[in-house]
Amino acid sequence: MKIGILSRNRKLYSTTRLVQAAQKRGHQVRVINHLRCYMNIASFKPSIQYDGKQLEGFDAIIPRIGASVTFYGTAVVRQFEMMGTFSLNESVAISRSRDKLRSLQLLSRKGIGLPVTGFAHSPDDTEDLLNLVGGAPVVVKLLEGTQGKGVVLAETRNAAESVVEAFRGLNANFLVQEFVKEARGSDIRCFVIGEKVVASMMRQAEEGEFRSNLHRGGTAKLIKISPEERSTAVRSAKIMGLNVAGVDILRSNHGPVVVEVNSSPGLEGIEAATGKDVAGMIIDYIERHAKSGKTKTKGRG
Ligand code: ADP
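Residues numbered from 1 in each chain as written. Predicted model: local features only at pLDDT ≥ 70, side-chain atom pairs only at ≥ 80, totals over all residues. Heavy atoms only, no water.

Participant: So what's going on with the domain arrangement of the protein? Residues and values would help.
Facilitator: Assigned domains of the protein: these are domain 1 (2–89), domain 2 (96–113 + 182–284) and domain 3 (117–179). Placing the centre of domain 1 and that of domain 2 at their C-alpha centroids yields a distance of 25 Å. Of the residues lining the interface, 20 residues belong to domain 1; the matching set on domain 2 comes to 17 residues. Among the residues domain 1 hides against domain 2, the three largest losses belong to Y13, L88 and N89. Together they make up 35% of the total. At the boundary of domain 1 with domain 2, the tally comes to four salt bridges. For the pair domain 1 and domain 2, the number of links is 15 residue pairs in polar contact (both at pLDDT 80 or more). Where the side of domain 1 that touches domain 2 is concerned, the elements lending two or more residues are α1 (13–24), β6 (60–63) and β7 (86–87). Considering every element that reaches the side of domain 1 that touches domain 2, the biggest residue donor is α1, with six residues. (Domains from an automatic or database assignment. Contact = heavy atoms within 4.5 Å. Buried area = accessible area lost by both parts, 1.4 Å probe. Salt bridge = Lys/Arg side-chain N within 4 Å of Asp/Glu carboxyl O. Polar contact = N/O pair within 3.5 Å; in protein donor to acceptor, adjacent residues only side chain to side chain. Helix = DSSP H or I, 4+ residues; strand = E, 2+ residues; numbered from the N terminus.)

Participant: Could you give an account of the layout of surface pockets, with specific residues and numbers?
Facilitator: Approximately 1,100 Å³ is the volume found for the largest pocket. Looking at the largest pocket, it is lined by 39 residues, and the ones nearest its centre are R64, Q147, H215, S264 and G266. Counting only elements with at least two residues in the lining of the largest pocket, the list comes to α1, α3 (91–98), β13 (196–204), β16 (255–262) and α8 (268–274). Within the lining of the largest pocket, the residues separate by chemical class into 10 nonpolar, 19 polar and 10 charged. Computed from the structure, the second largest pocket encloses a volume of approximately 330 Å³. Residue assignment for the lining of the second largest pocket shows that the elements contributing at least two residues are β13, α7 (227–240) and α9 (278–289). It is α9 that provides the largest number of residues to the lining of the second largest pocket, a total of five residues. (1 Å grid on protein atoms, 1.4 Å probe; cavity = no way out; pocket = protein on both sides within 12 Å on 5 of 7 lines; lining within 4 Å. Points joined across faces, edges and corners; volume = space filled by probe spheres on them. Nonpolar A, V, L, I, M, F, W, Y, C, P; charged D, E, K, R; others polar.)

See below:
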């Protein structure tokens, strides 16, 4: 097969591993910087240009789109979809997962356990909003942050009001969430491929920190997850429409709650913690599912 990996940096661990895994299985693989792709979107036959040449003949693409370039990156994925190329995760699903509020709304509609979460626009409603989620301590989150940036713990009501005011002053969209303190700074990353959790790890935040992101100094260890956690992760990925996802779950005293569904989950932490060949499993999935024109949404919202 001819596989394209949409990634801005071929030296990243995840990109390198996917290239290795694809080559090991005898596939032709090319790393494509999606920001260097350009398109004639009005032409009758959709195509993508790169370095003066047309990108042609790809059976599948693996989008590894960074959060800061979601808009352009998903447009490139959509163009591939319109050309009939199979995308490991579809553009519509990637866009959905990048908006925390939209994701939570979709998950909640299907009965997935979530931290109690509120969203409001008007400053007049701040007090009520905080009451809605059970009062301080609360976590305030920017809707489009990643790697723990824009996720703030407000331990007192005063602090919560100040953070909410500050975010509003910046015209930023945010949500306010119950602080799941019983998780004690740890969360569970479930790596989902298709209908299975293929690897999972527990991440523990650094001392004095509540965010367990590995980019923020969190450490990972192997963990056995419960059947409920397993099914929560698989269902969450499915609801978002993602074939591959990193589903982050907190162990709350009201059961497993999902905080995030990531459409480009990193491979380094999970492969190191579990010793599994997750990159190889992704390529296996593509071998089984990449059929031309099989894209479900073809870029439709
Ligand atoms: P990001 O997308 O920026 O990683 P998350 O919503 O996943 O943001 O939050 C980052 C980390 O903060 C989570 O992995 C988790 O450890 C912690 N966290 C997030 N929400 C809560 C919450 N409501 N209660 C307790 N800890 C939380």
